[in-house]
Amino acid sequence: MDGSFLVTNALILTMSDDRPTATSMLVKDGRIAALDPRPDEAGSTTIVDMEGRTLVPGLIDGHTHMEMIAYAWNIAIDIKPPAVKSIDDLVSLIAAKAAKMPNGEWILAQGMHYQEQHMAEGRLPDRYDLDRASLDHPIVARFSFHINVFNSKALEILGVDKSTPDLEGGYLERDANGVPNGRTNDMWHALNAPDWPYEAVGPALANAQASFLANGVTAITEFTLFRGGVDAFIEMERRNDLKVRVALYPKVPHVCSVEDALSGKIRERFVDADPKRLMLGGMKMFIDGGLTSRAAAMHVPYWGTDLRGDLSFEPEKFKQIVSELHGAGYQIAVHAIGDLAQDVVLDAYEALPERRGKNGAKHRIEHAGNCLWTDERAARFIELDVLPVPQPPFIHTTAAGYRKSLGPARGEGLFPMRKMLEEQGIAVPGNSDAIGIHPKQHVPMFGIWAMVTREMNNGERLDDGEQIDAATALRMYTRYAARSIGREHELGSLEPGKLADFVVFDHSPLSVDAESLRDLKPAETWINGELVFSRD
(Lines give C-alpha, C1' and ligand atoms only; values in the text may rest on other atoms or scores of the structure.)
Protein backbone atom coordinates (compact mmCIF):
# COMPACT_ATOMS: atom_id res chain seq x y z
CA MET A 1 0.00 0.00 0.00
CA ASP A 2 1.07 3.60 -0.58
CA GLY A 3 -0.06 4.65 2.92
CA SER A 4 -3.63 5.52 1.86
CA PHE A 5 -6.44 3.11 0.96
CA LEU A 6 -10.17 2.61 1.33
CA VAL A 7 -11.54 -0.63 2.75
CA THR A 8 -14.94 -1.35 1.19
CA ASN A 9 -17.68 -4.00 1.14
CA ALA A 10 -17.06 -5.07 4.74
CA LEU A 11 -18.90 -5.60 8.00
CA ILE A 12 -16.77 -3.52 10.35
CA LEU A 13 -17.31 -4.21 14.05
CA THR A 14 -15.76 -1.04 15.44
CA MET A 15 -16.08 -1.83 19.19
CA SER A 16 -17.12 1.79 19.60
CA ASP A 17 -20.31 2.59 21.51
CA ASP A 18 -20.91 5.68 19.38
CA ARG A 19 -20.79 3.82 16.07
CA PRO A 20 -20.86 0.02 16.45
CA THR A 21 -20.66 -0.87 12.74
CA ALA A 22 -19.56 0.50 9.39
CA THR A 23 -19.16 -0.82 5.84
CA SER A 24 -16.06 1.09 4.72
CA MET A 25 -12.98 2.60 6.33
CA LEU A 26 -10.43 5.10 5.05
CA VAL A 27 -6.83 4.57 6.15
CA LYS A 28 -4.11 7.20 5.76
CA ASP A 29 -0.51 6.92 6.95
CA GLY A 30 -1.19 4.04 9.29
CA ARG A 31 -4.23 5.58 10.98
CA ILE A 32 -7.97 5.47 10.49
CA ALA A 33 -9.05 8.66 8.73
CA ALA A 34 -12.79 8.04 8.46
CA LEU A 35 -15.55 5.45 8.69
CA ASP A 36 -18.03 5.29 5.77
CA PRO A 37 -16.34 8.35 4.24
CA ARG A 38 -18.06 10.56 1.69
CA PRO A 39 -16.73 10.32 -1.88
CA ASP A 40 -14.97 13.66 -1.54
CA GLU A 41 -13.20 12.41 1.62
CA ALA A 42 -12.01 9.17 0.01
CA GLY A 43 -10.86 10.77 -3.22
CA SER A 44 -9.23 8.45 -5.76
CA THR A 45 -7.41 6.32 -3.23
CA THR A 46 -6.66 2.60 -3.64
CA ILE A 47 -9.66 0.35 -3.02
CA VAL A 48 -9.39 -2.81 -0.90
CA ASP A 49 -12.55 -4.84 -1.46
CA MET A 50 -13.20 -7.15 1.51
CA GLU A 51 -15.92 -9.06 -0.38
CA GLY A 52 -18.36 -9.06 2.52
CA ARG A 53 -15.90 -10.25 5.16
CA THR A 54 -15.85 -9.00 8.77
CA LEU A 55 -13.29 -6.60 10.26
CA VAL A 56 -12.62 -6.30 13.98
CA PRO A 57 -10.03 -4.22 15.81
CA GLY A 58 -6.61 -5.80 16.22
CA LEU A 59 -6.81 -8.31 19.07
CA ILE A 60 -4.80 -7.49 22.18
CA ASP A 61 -3.42 -9.96 24.68
CA GLY A 62 -3.46 -8.15 28.02
CA HIS A 63 -1.09 -10.59 29.80
CA THR A 64 1.16 -13.01 27.98
CA HIS A 65 4.68 -14.46 27.90
CA MET A 66 5.78 -14.62 24.27
CA GLU A 67 9.28 -15.11 25.65
CA MET A 68 8.26 -18.29 27.48
CA ILE A 69 6.37 -19.53 24.42
CA ALA A 70 9.64 -19.10 22.52
CA TYR A 71 11.38 -21.26 25.12
CA ALA A 72 8.65 -23.90 25.06
CA TRP A 73 8.30 -24.18 21.28
CA ASN A 74 11.86 -23.76 20.04
CA ILE A 75 14.32 -24.36 22.88
CA ALA A 76 12.63 -27.03 24.99
CA ILE A 77 11.82 -30.69 24.30
CA ASP A 78 8.07 -31.28 24.20
CA ILE A 79 7.13 -33.72 26.99
CA LYS A 80 3.41 -32.96 27.14
CA PRO A 81 0.56 -35.46 26.93
CA PRO A 82 -0.83 -37.15 24.93
CA ALA A 83 2.56 -38.04 23.42
CA VAL A 84 3.86 -38.58 26.95
CA LYS A 85 1.74 -40.93 29.06
CA SER A 86 4.29 -42.10 31.64
CA ILE A 87 7.58 -41.26 33.32
CA ASP A 88 9.30 -43.76 31.01
CA ASP A 89 7.95 -41.93 27.95
CA LEU A 90 9.26 -38.65 29.34
CA VAL A 91 12.69 -40.07 30.17
CA SER A 92 13.04 -41.63 26.71
CA LEU A 93 12.39 -38.33 24.93
CA ILE A 94 14.92 -36.45 27.04
CA ALA A 95 17.51 -39.24 26.72
CA ALA A 96 17.22 -39.14 22.93
CA LYS A 97 17.91 -35.39 22.98
CA ALA A 98 20.81 -35.79 25.42
CA ALA A 99 22.48 -38.34 23.15
CA LYS A 100 22.74 -35.71 20.39
CA MET A 101 24.18 -32.90 22.54
CA PRO A 102 27.70 -32.24 23.86
CA ASN A 103 28.10 -33.23 27.49
CA GLY A 104 27.51 -30.43 29.98
CA GLU A 105 24.93 -28.48 27.99
CA TRP A 106 21.65 -27.65 29.73
CA ILE A 107 18.55 -29.46 28.50
CA LEU A 108 15.11 -27.87 28.95
CA ALA A 109 11.93 -29.95 28.66
CA GLN A 110 8.41 -28.47 28.61
CA GLY A 111 5.36 -30.12 30.16
CA MET A 112 1.93 -28.77 31.08
CA HIS A 113 -0.17 -27.67 34.06
CA TYR A 114 -1.26 -30.53 36.34
CA GLN A 115 0.52 -33.06 34.14
CA GLU A 116 0.58 -35.54 37.02
CA GLN A 117 -3.17 -35.99 36.49
CA HIS A 118 -2.43 -37.32 32.98
CA MET A 119 0.50 -39.61 33.86
CA ALA A 120 0.25 -43.36 34.50
CA GLU A 121 2.12 -42.96 37.79
CA GLY A 122 -0.08 -40.07 38.95
CA ARG A 123 2.96 -37.92 39.71
CA LEU A 124 5.61 -35.68 38.17
CA PRO A 125 9.16 -36.99 37.67
CA ASP A 126 11.83 -36.40 40.31
CA ARG A 127 15.61 -35.98 40.08
CA TYR A 128 16.20 -39.72 39.94
CA ASP A 129 13.81 -40.17 37.01
CA LEU A 130 15.62 -37.43 35.08
CA ASP A 131 18.98 -38.97 36.03
CA ARG A 132 17.95 -41.97 33.93
CA ALA A 133 17.90 -39.65 30.92
CA SER A 134 21.42 -38.34 31.58
CA LEU A 135 23.96 -37.80 34.32
CA ASP A 136 26.24 -35.81 32.00
CA HIS A 137 23.76 -33.02 31.22
CA PRO A 138 22.01 -30.67 33.63
CA ILE A 139 18.30 -31.18 32.93
CA VAL A 140 15.24 -29.18 33.95
CA ALA A 141 11.67 -30.22 33.18
CA ARG A 142 9.22 -27.31 33.41
CA PHE A 143 5.51 -27.85 34.08
CA SER A 144 4.63 -24.16 34.47
CA PHE A 145 6.75 -21.15 35.30
CA HIS A 146 6.31 -22.19 38.91
CA ILE A 147 7.09 -25.94 38.85
CA ASN A 148 10.55 -27.02 37.67
CA VAL A 149 12.16 -30.43 38.20
CA PHE A 150 15.98 -30.68 38.09
CA ASN A 151 18.16 -33.76 37.75
CA SER A 152 21.12 -34.43 40.04
CA LYS A 153 23.66 -32.83 37.68
CA ALA A 154 21.63 -29.62 37.57
CA LEU A 155 21.24 -29.54 41.37
CA GLU A 156 24.99 -30.04 41.72
CA ILE A 157 25.72 -27.11 39.38
CA LEU A 158 23.22 -24.91 41.25
CA GLY A 159 24.70 -25.91 44.61
CA VAL A 160 21.46 -27.40 45.92
CA ASP A 161 21.77 -29.89 48.77
CA LYS A 162 20.12 -30.81 52.06
CA SER A 163 21.18 -27.48 53.63
CA THR A 164 19.64 -25.30 50.90
CA PRO A 165 16.79 -23.26 52.42
CA ASP A 166 13.40 -22.51 50.92
CA LEU A 167 13.45 -18.93 49.65
CA GLU A 168 11.29 -16.11 48.32
CA GLY A 169 7.84 -17.61 48.57
CA GLY A 170 8.79 -20.98 47.09
CA TYR A 171 9.99 -24.33 48.38
CA LEU A 172 12.03 -27.41 47.55
CA GLU A 173 10.32 -30.77 47.78
CA ARG A 174 12.34 -33.16 49.95
CA ASP A 175 12.41 -36.84 50.82
CA ALA A 176 11.95 -38.24 54.34
CA ASN A 177 15.58 -37.40 55.15
CA GLY A 178 15.28 -33.79 54.03
CA VAL A 179 17.20 -34.30 50.78
CA PRO A 180 15.78 -32.30 47.82
CA ASN A 181 14.10 -34.66 45.36
CA GLY A 182 14.56 -32.28 42.41
CA ARG A 183 11.02 -30.88 42.34
CA THR A 184 11.03 -27.13 42.99
CA ASN A 185 8.13 -24.76 43.40
CA ASP A 186 8.69 -21.07 42.61
CA MET A 187 12.42 -21.35 43.19
CA TRP A 188 13.84 -20.67 39.69
CA HIS A 189 15.35 -17.26 40.39
CA ALA A 190 16.14 -18.10 44.02
CA LEU A 191 18.34 -20.96 42.80
CA ASN A 192 19.95 -18.75 40.14
CA ALA A 193 18.87 -21.17 37.42
CA PRO A 194 20.12 -20.19 33.96
CA ASP A 195 18.52 -17.90 31.41
CA TRP A 196 19.19 -18.73 27.79
CA PRO A 197 21.08 -15.90 25.96
CA TYR A 198 19.17 -13.50 23.76
CA GLU A 199 20.97 -14.89 20.70
CA ALA A 200 18.99 -18.10 21.28
CA VAL A 201 15.78 -16.43 22.46
CA GLY A 202 15.56 -13.95 19.56
CA PRO A 203 14.99 -16.43 16.69
CA ALA A 204 12.57 -18.37 18.88
CA LEU A 205 10.64 -15.15 19.56
CA ALA A 206 10.27 -14.57 15.82
CA ASN A 207 8.56 -17.95 15.49
CA ALA A 208 6.23 -17.22 18.39
CA GLN A 209 5.42 -13.79 16.94
CA ALA A 210 4.38 -15.39 13.65
CA SER A 211 1.78 -17.48 15.47
CA PHE A 212 0.41 -14.45 17.32
CA LEU A 213 0.02 -12.58 14.02
CA ALA A 214 -1.62 -15.60 12.37
CA ASN A 215 -4.22 -15.54 15.14
CA GLY A 216 -5.06 -11.86 14.86
CA VAL A 217 -2.98 -10.56 17.77
CA THR A 218 -1.62 -7.10 16.97
CA ALA A 219 -0.50 -6.00 20.45
CA ILE A 220 0.62 -7.77 23.60
CA THR A 221 1.34 -7.02 27.23
CA GLU A 222 4.56 -8.98 27.74
CA PHE A 223 5.55 -9.91 31.28
CA THR A 224 9.22 -10.69 30.78
CA LEU A 225 10.53 -13.24 33.28
CA PHE A 226 14.12 -13.66 32.08
CA ARG A 227 16.91 -11.19 31.40
CA GLY A 228 17.57 -12.48 27.89
CA GLY A 229 14.01 -11.68 26.88
CA VAL A 230 14.43 -7.93 27.39
CA ASP A 231 17.57 -7.97 25.25
CA ALA A 232 15.85 -10.01 22.55
CA PHE A 233 12.81 -7.71 22.26
CA ILE A 234 15.02 -4.61 22.07
CA GLU A 235 17.18 -6.23 19.40
CA MET A 236 14.11 -7.32 17.40
CA GLU A 237 12.79 -3.76 17.41
CA ARG A 238 16.20 -2.38 16.39
CA ARG A 239 16.26 -4.72 13.40
CA ASN A 240 12.65 -3.88 12.43
CA ASP A 241 11.75 -7.53 13.02
CA LEU A 242 9.19 -6.71 15.71
CA LYS A 243 5.77 -6.53 14.04
CA VAL A 244 3.38 -6.99 16.98
CA ARG A 245 3.13 -4.01 19.33
CA VAL A 246 4.72 -4.81 22.71
CA ALA A 247 4.22 -3.16 26.09
CA LEU A 248 6.91 -4.80 28.21
CA TYR A 249 6.73 -5.26 31.99
CA PRO A 250 9.98 -6.75 33.40
CA LYS A 251 9.91 -8.82 36.56
CA VAL A 252 11.16 -6.98 39.67
CA PRO A 253 13.68 -7.64 41.13
CA HIS A 254 15.12 -10.51 39.10
CA VAL A 255 14.92 -9.06 35.58
CA CYS A 256 14.95 -5.41 36.58
CA SER A 257 16.29 -4.45 39.99
CA VAL A 258 14.41 -1.94 42.10
CA GLU A 259 17.46 0.33 41.82
CA ASP A 260 17.45 0.22 38.00
CA ALA A 261 13.71 0.95 37.97
CA LEU A 262 13.98 3.92 40.31
CA SER A 263 17.13 5.40 38.74
CA GLY A 264 15.64 5.27 35.26
CA LYS A 265 18.36 2.95 34.00
CA ILE A 266 15.78 0.51 32.65
CA ARG A 267 13.97 3.34 30.82
CA GLU A 268 17.21 4.33 29.10
CA ARG A 269 17.29 0.97 27.36
CA PHE A 270 14.08 1.86 25.49
CA VAL A 271 14.99 5.41 24.45
CA ASP A 272 15.82 4.49 20.86
CA ALA A 273 12.81 2.21 20.38
CA ASP A 274 9.65 3.29 18.57
CA PRO A 275 7.16 3.47 21.48
CA LYS A 276 4.30 2.47 19.19
CA ARG A 277 6.16 -0.77 18.54
CA LEU A 278 8.04 -1.41 21.80
CA MET A 279 7.51 0.45 25.05
CA LEU A 280 8.29 -0.04 28.71
CA GLY A 281 4.78 -0.50 30.04
CA GLY A 282 5.43 -0.79 33.77
CA MET A 283 6.74 -3.21 36.38
CA LYS A 284 5.71 -6.77 37.26
CA MET A 285 6.10 -8.20 40.76
CA PHE A 286 5.30 -11.52 42.41
CA ILE A 287 3.91 -11.63 45.95
CA ASP A 288 3.30 -15.39 45.95
CA GLY A 289 3.81 -18.49 43.83
CA GLY A 290 1.54 -20.55 41.64
CA LEU A 291 -1.63 -22.36 42.56
CA THR A 292 -0.48 -25.20 40.30
CA SER A 293 2.54 -25.60 42.63
CA ARG A 294 0.47 -25.01 45.79
CA ALA A 295 2.75 -22.06 46.53
CA ALA A 296 0.07 -19.36 46.19
CA ALA A 297 -0.34 -17.77 49.64
CA MET A 298 -3.65 -18.77 51.22
CA HIS A 299 -5.52 -17.99 54.43
CA VAL A 300 -6.62 -21.65 54.65
CA PRO A 301 -4.47 -24.66 53.60
CA TYR A 302 -4.91 -26.41 50.28
CA TRP A 303 -7.44 -29.23 50.24
CA GLY A 304 -6.15 -32.32 52.00
CA THR A 305 -2.79 -30.77 52.97
CA ASP A 306 -1.23 -28.47 55.54
CA LEU A 307 0.31 -26.29 52.81
CA ARG A 308 -0.71 -22.64 52.73
CA GLY A 309 1.91 -21.26 50.34
CA ASP A 310 4.03 -18.30 51.34
CA LEU A 311 4.59 -14.65 50.56
CA SER A 312 7.56 -13.59 48.43
CA PHE A 313 8.07 -10.44 50.52
CA GLU A 314 7.33 -9.35 54.04
CA PRO A 315 4.19 -7.17 53.71
CA GLU A 316 5.89 -3.97 54.91
CA LYS A 317 8.86 -4.44 52.57
CA PHE A 318 6.48 -5.13 49.71
CA LYS A 319 4.45 -2.03 50.54
CA GLN A 320 7.64 0.05 50.47
CA ILE A 321 8.69 -1.23 47.02
CA VAL A 322 5.19 -0.67 45.62
CA SER A 323 5.24 2.90 46.96
CA GLU A 324 8.63 3.57 45.38
CA LEU A 325 7.67 2.17 42.00
CA HIS A 326 4.41 4.12 42.04
CA GLY A 327 6.30 7.28 42.95
CA ALA A 328 8.54 6.72 39.93
CA GLY A 329 5.46 6.72 37.71
CA TYR A 330 5.23 3.03 36.84
CA GLN A 331 2.03 1.12 36.35
CA ILE A 332 2.36 -1.88 38.66
CA ALA A 333 1.10 -5.39 37.95
CA VAL A 334 1.41 -7.92 40.77
CA HIS A 335 1.07 -11.68 40.51
CA ALA A 336 -1.17 -12.66 43.43
CA ILE A 337 -3.23 -15.85 43.23
CA GLY A 338 -3.88 -16.80 46.85
CA ASP A 339 -6.49 -14.89 48.85
CA LEU A 340 -3.90 -13.92 51.47
CA ALA A 341 -1.61 -12.66 48.71
CA GLN A 342 -4.36 -10.58 47.11
CA ASP A 343 -5.23 -8.99 50.45
CA VAL A 344 -1.57 -8.04 51.03
CA VAL A 345 -1.40 -6.39 47.59
CA LEU A 346 -4.65 -4.52 48.16
CA ASP A 347 -3.23 -3.26 51.47
CA ALA A 348 -0.14 -1.97 49.65
CA TYR A 349 -2.23 -0.28 46.96
CA GLU A 350 -4.56 1.25 49.56
CA ALA A 351 -1.58 3.07 51.09
CA LEU A 352 -0.93 4.91 47.80
CA PRO A 353 -2.40 8.35 47.07
CA GLU A 354 -3.92 6.89 43.89
CA ARG A 355 -3.87 3.55 42.09
CA ARG A 356 -2.75 4.46 38.56
CA GLY A 357 0.55 4.80 36.75
CA LYS A 358 1.55 7.85 34.74
CA ASN A 359 0.21 6.07 31.65
CA GLY A 360 -3.27 6.53 33.14
CA ALA A 361 -3.88 2.80 33.58
CA LYS A 362 -4.96 1.20 36.83
CA HIS A 363 -2.55 -0.79 38.95
CA ARG A 364 -3.36 -4.46 38.55
CA ILE A 365 -3.49 -7.78 40.33
CA GLU A 366 -2.76 -10.60 37.91
CA HIS A 367 -4.86 -13.78 38.41
CA ALA A 368 -7.37 -12.13 40.74
CA GLY A 369 -10.75 -13.44 39.65
CA ASN A 370 -9.55 -16.89 38.64
CA CYS A 371 -10.72 -18.23 42.01
CA LEU A 372 -11.47 -17.09 45.58
CA TRP A 373 -13.47 -14.11 44.26
CA THR A 374 -15.83 -12.97 47.01
CA ASP A 375 -18.27 -10.08 47.03
CA GLU A 376 -16.28 -8.50 49.86
CA ARG A 377 -12.99 -8.68 47.98
CA ALA A 378 -14.66 -7.47 44.78
CA ALA A 379 -15.99 -4.42 46.62
CA ARG A 380 -12.49 -3.61 47.77
CA PHE A 381 -11.10 -3.82 44.22
CA ILE A 382 -13.80 -1.47 43.02
CA GLU A 383 -13.40 0.98 45.91
CA LEU A 384 -9.63 1.15 45.46
CA ASP A 385 -9.84 1.37 41.64
CA VAL A 386 -7.59 -1.68 41.21
CA LEU A 387 -7.92 -3.92 38.13
CA PRO A 388 -8.24 -7.72 38.59
CA VAL A 389 -6.85 -9.69 35.65
CA PRO A 390 -8.15 -13.30 35.46
CA GLN A 391 -7.11 -15.59 32.58
CA PRO A 392 -9.99 -16.74 30.31
CA PRO A 393 -8.16 -19.73 28.69
CA PHE A 394 -7.56 -21.19 32.16
CA ILE A 395 -11.26 -22.11 32.18
CA HIS A 396 -10.28 -24.90 29.81
CA THR A 397 -6.64 -25.57 30.65
CA THR A 398 -6.56 -25.25 34.43
CA ALA A 399 -9.98 -25.05 36.12
CA ALA A 400 -10.28 -28.80 36.69
CA GLY A 401 -6.92 -28.80 38.46
CA TYR A 402 -7.91 -25.78 40.54
CA ARG A 403 -10.95 -27.68 41.80
CA LYS A 404 -8.79 -30.54 43.07
CA SER A 405 -6.31 -28.21 44.77
CA LEU A 406 -8.97 -26.06 46.45
CA GLY A 407 -11.53 -28.68 47.43
CA PRO A 408 -15.31 -28.74 46.99
CA ALA A 409 -16.13 -25.44 48.70
CA ARG A 410 -13.39 -23.12 47.45
CA GLY A 411 -13.36 -24.96 44.11
CA GLU A 412 -16.74 -23.46 43.28
CA GLY A 413 -17.11 -20.00 41.81
CA LEU A 414 -14.15 -20.25 39.46
CA PHE A 415 -13.71 -17.58 36.78
CA PRO A 416 -16.92 -15.61 37.50
CA MET A 417 -16.70 -13.66 34.23
CA ARG A 418 -20.35 -12.62 33.95
CA LYS A 419 -20.42 -11.38 37.53
CA MET A 420 -17.22 -9.38 37.16
CA LEU A 421 -18.13 -7.83 33.81
CA GLU A 422 -21.88 -7.35 34.00
CA GLU A 423 -22.83 -7.20 37.68
CA GLN A 424 -19.71 -5.50 39.05
CA GLY A 425 -18.90 -3.45 35.95
CA ILE A 426 -15.20 -4.33 35.83
CA ALA A 427 -13.48 -3.90 32.45
CA VAL A 428 -11.63 -7.21 32.59
CA PRO A 429 -8.97 -7.37 29.83
CA GLY A 430 -8.77 -10.36 27.54
CA ASN A 431 -5.48 -12.18 28.00
CA SER A 432 -3.85 -15.60 27.87
CA ASP A 433 -0.95 -15.88 30.36
CA ALA A 434 0.37 -18.23 27.69
CA ILE A 435 3.73 -19.90 28.31
CA GLY A 436 3.58 -22.56 25.60
CA ILE A 437 1.96 -25.39 27.54
CA HIS A 438 -1.13 -25.49 25.29
CA PRO A 439 -1.05 -24.93 21.52
CA LYS A 440 -4.07 -22.60 21.57
CA GLN A 441 -3.73 -20.80 24.88
CA HIS A 442 -2.30 -17.66 23.20
CA VAL A 443 -5.15 -17.60 20.65
CA PRO A 444 -7.80 -14.96 21.52
CA MET A 445 -10.61 -16.90 19.84
CA PHE A 446 -9.75 -19.86 22.07
CA GLY A 447 -10.10 -17.64 25.14
CA ILE A 448 -13.39 -16.30 23.80
CA TRP A 449 -14.63 -19.85 23.18
CA ALA A 450 -13.68 -20.82 26.74
CA MET A 451 -15.73 -17.95 28.21
CA VAL A 452 -18.75 -18.66 26.00
CA THR A 453 -18.82 -22.44 26.58
CA ARG A 454 -16.93 -22.79 29.93
CA GLU A 455 -15.67 -26.21 28.88
CA MET A 456 -12.84 -27.70 30.97
CA ASN A 457 -10.14 -30.04 29.65
CA ASN A 458 -11.78 -33.02 31.37
CA GLY A 459 -14.83 -32.61 29.11
CA GLU A 460 -17.04 -31.16 31.84
CA ARG A 461 -18.47 -27.65 31.78
CA LEU A 462 -18.66 -25.09 34.55
CA ASP A 463 -22.44 -25.02 34.65
CA ASP A 464 -22.73 -22.00 36.92
CA GLY A 465 -24.36 -19.29 34.80
CA GLU A 466 -21.10 -17.39 34.41
CA GLN A 467 -20.81 -17.71 30.63
CA ILE A 468 -20.77 -14.49 28.59
CA ASP A 469 -21.62 -13.79 24.96
CA ALA A 470 -19.08 -13.44 22.18
CA ALA A 471 -19.61 -9.68 21.84
CA THR A 472 -18.65 -9.08 25.48
CA ALA A 473 -15.68 -11.42 25.17
CA LEU A 474 -14.50 -9.63 22.01
CA ARG A 475 -14.69 -6.31 23.84
CA MET A 476 -12.33 -7.76 26.46
CA TYR A 477 -9.70 -8.58 23.82
CA THR A 478 -9.95 -5.13 22.22
CA ARG A 479 -11.09 -2.07 24.17
CA TYR A 480 -10.62 -3.45 27.67
CA ALA A 481 -7.18 -4.89 26.95
CA ALA A 482 -6.07 -1.56 25.45
CA ARG A 483 -7.40 0.27 28.49
CA SER A 484 -5.55 -2.04 30.87
CA ILE A 485 -2.19 -0.73 29.61
CA GLY A 486 -3.17 2.90 29.02
CA ARG A 487 -3.43 2.64 25.23
CA GLU A 488 -7.17 3.01 24.64
CA HIS A 489 -6.52 6.39 22.98
CA GLU A 490 -4.77 4.63 20.06
CA LEU A 491 -5.79 0.96 20.13
CA GLY A 492 -8.78 -1.27 20.88
CA SER A 493 -11.44 0.13 18.52
CA LEU A 494 -11.74 1.22 14.91
CA GLU A 495 -12.34 4.95 15.14
CA PRO A 496 -10.94 7.98 13.31
CA GLY A 497 -7.54 8.96 14.65
CA LYS A 498 -6.64 5.53 16.01
CA LEU A 499 -3.95 3.26 14.63
CA ALA A 500 -5.08 1.10 11.72
CA ASP A 501 -4.72 -2.29 13.38
CA PHE A 502 -7.45 -4.70 12.32
CA VAL A 503 -8.24 -8.37 11.69
CA VAL A 504 -10.28 -9.82 8.83
CA PHE A 505 -12.50 -12.89 9.31
CA ASP A 506 -14.46 -14.75 6.66
CA HIS A 507 -17.33 -14.99 9.15
CA SER A 508 -18.27 -12.67 11.98
CA PRO A 509 -17.23 -13.91 15.44
CA LEU A 510 -20.61 -12.67 16.62
CA SER A 511 -22.65 -14.84 14.25
CA VAL A 512 -20.92 -18.24 14.24
CA ASP A 513 -22.05 -20.92 16.68
CA ALA A 514 -20.25 -21.19 20.01
CA GLU A 515 -18.29 -24.35 19.17
CA SER A 516 -16.90 -22.77 15.99
CA LEU A 517 -15.26 -19.94 17.95
CA ARG A 518 -12.45 -22.24 19.11
CA ASP A 519 -11.16 -22.80 15.58
CA LEU A 520 -12.16 -19.50 13.94
CA LYS A 521 -9.01 -18.21 12.23
CA PRO A 522 -8.34 -14.82 10.67
CA ALA A 523 -7.97 -14.46 6.92
CA GLU A 524 -5.74 -11.41 7.36
CA THR A 525 -4.05 -9.36 10.06
CA TRP A 526 -3.16 -5.68 9.49
CA ILE A 527 -0.95 -3.49 11.70
CA ASN A 528 -0.39 0.21 11.08
CA GLY A 529 -2.27 -0.13 7.79
CA GLU A 530 0.09 -2.85 6.57
CA LEU A 531 -0.80 -6.47 5.82
CA VAL A 532 1.36 -8.57 8.19
CA PHE A 533 -0.41 -11.92 7.79
CA SER A 534 -2.53 -13.48 5.08
CA ARG A 535 -3.88 -17.02 5.27
CA ASP A 536 -3.53 -17.25 1.48
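Below, the structure is looked at part by part. (Residues numbered from 1 in each chain as written. Predicted model: local features only at pLDDT ≥ 70, side-chain atom pairs only at ≥ 80, totals over all residues. Heavy atoms only, no water.)

### A short note on the side chain of Gln 342
Within the secondary structure, Gln 342 sits in helix H11 (residues 339-350). Assessed through its relative accessible area of 0%, Gln 342 is described here as buried. Setting aside anything within four residues of it in sequence, one finds Gln 342 in contact with Ala 336, Ile 337, Ile 365, Ala 368, Cys 371, Arg 377 and Phe 381. (Helix = DSSP H or I, 4+ residues; strand = E, 2+ residues; numbered from the N terminus. Buried < 20%, exposed > 50% of the residue type's maximum accessible area, 1.4 Å probe, protein only. Contact = heavy atoms within 4.5 Å.)

### Considering the environment of Lys 319
Note on placement: Lys 319 falls in helix H10 (residues 315-327). Of the residues examined, Lys 319 reaches a relative accessible area of 25% and is grouped as partly exposed. In sequence terms Lys 319 and Ala 348 are 29 residues apart; their C-alpha atoms lie 4.7 Å from each other. With residues near it in sequence (within four places) discarded, Lys 319 still touches Asp 347, Ala 348 and Ala 351.

### Let's talk about helix H3 (residues 87-98)
Spacing of three or four residues puts side chains on the same side of an α-helix, whose turn is 3.6 residues. Helix length check: H3 (twelve residues) gives 16 Å between terminal C-alpha atoms against 16 Å at 1.5 Å per residue, within 8%. Looking only at H3, the buried set comprises Ile 87, Leu 90, Val 91, Ile 94 and Ala 98. In a view along the axis of H3, the buried residues occupy a sector of 95 degrees, so they form one face of it. Close packing links the buried residues of H3 with strand S9 (77-78), strand S10 (107-110), helix H4 (127-131) and strand S11 (139-142). (Expected span 1.5 Å × (residues − 1). Arc of directions from axis to C-beta.)

### With respect to H10
For H10, which comprises 13 residues, the first-to-last C-alpha distance of 18 Å matches the rise-based estimate of 18 Å (1.5 Å per residue) to within 8%. Residues of H10 that are buried: Phe 318, Ile 321, Val 322, Leu 325 and His 326. Taken down its axis, H10 places every buried residue within 135 degrees of arc, on the same side. Exposed residues on H10 whose side chains face more than 90 degrees from its buried face are Glu 316 and Gly 327. The secondary structure elements touched by the buried residues of H10 are helix H8 (258-263), strand S18 (282-286), strand S19 (331-335) and H11.

### Thoughts on the packing of helix H2 (residues 66-75) against helix H6 (residues 198-214)
Taken N-terminus to C-terminus, the directions of H2 and H6 make an angle of 105 degrees; their axes are 8 Å apart at the nearest point. Judged by the inter-axis angle, H2 sits roughly perpendicular to H6. Across the interface between the two elements, Met 66, Glu 67, Ile 69, Ala 70, Tyr 71, Trp 73, Asn 74 and Ile 75 from H2 touch Ala 200, Val 201, Ala 204, Leu 205, Asn 207, Ala 208, Gln 209, Ser 211 and Phe 212 from H6. Considering only residue class, the contact of H2 with H6 consists of twelve nonpolar, four polar and one charged. (Axes fitted to C-alpha atoms, helices over the stretch in contact; angles between N-to-C directions. Parallel < 35°, antiparallel > 145°, perpendicular 65-115°, else oblique. Nonpolar A, V, L, I, M, F, W, Y, C, P; charged D, E, K, R; others polar.)

### A look at the packing of helix H16 (residues 444-453) against helix H17 (residues 470-484)
Viewed as axis vectors pointing N to C, H16 and H17 meet at an angle of 140 degrees, and their least axial separation amounts to 9 Å. Here H16 is positioned oblique relative to H17, judged by the angle of their axes. Note on packing geometry: the crossing formed by H16 with H17 is right-handed. Side by side, H16 and H17 meet where Pro 444, Gly 447, Ile 448, Met 451 and Val 452 of the first sit next to Ala 470, Ala 473, Leu 474, Met 476 and Tyr 477 of the second. (Left-handed = near helix turned anticlockwise from the far one by under 90°.)

### Structural notes on the sheet that holds strand S2 (residues 11-13)
Strands sit in the order S3-S2-S7-S22-S23-S24 across an open sheet of six strands; the sheet is mixed. The open sheet has two edge strands with one neighbour each: strand S3 (21-22) and strand S24 (530-534). Relative to strand S23 (residues 524-527), strand S22 (residues 502-505) runs antiparallel, the two being bridged by three bridges. Within S23, the position partnered with Phe 502 by the bridge is Trp 526. (Pairing = 2+ DSSP bridges.)

### Some details on the packing of aromatic side chains
The full count for this structure, using the stated rule, is 14 aromatic pairs. Judged by centre distance (6.1 Å) and plane angle (40 degrees), the ring pair of Phe 313 and Phe 318 falls under tilted. Here Trp 373 and Phe 381 contribute two aromatic rings whose centre-to-centre distance is 5.1 Å and whose plane-to-plane angle is 45 degrees, an arrangement assigned as tilted. Per residue, the accessibility class of Trp 373 equals that of Phe 381, and both read buried. Ring pairing ties together the aromatic residues Tyr 71, Trp 106, Phe 145, Phe 150, Trp 188, Trp 196, Phe 226 and Phe 286, which thus form one cluster. The lysine or arginine in question, Lys 284, covers the ring of Phe 223, its NZ or CZ lying 4.5 Å from the ring centre. (Phe/Tyr/Trp six-rings, centres within 6.5 Å; stacked < 30°, edge-to-face > 60°. Lys NZ or Arg CZ within 6 Å of the ring centre and 35° of its normal.)

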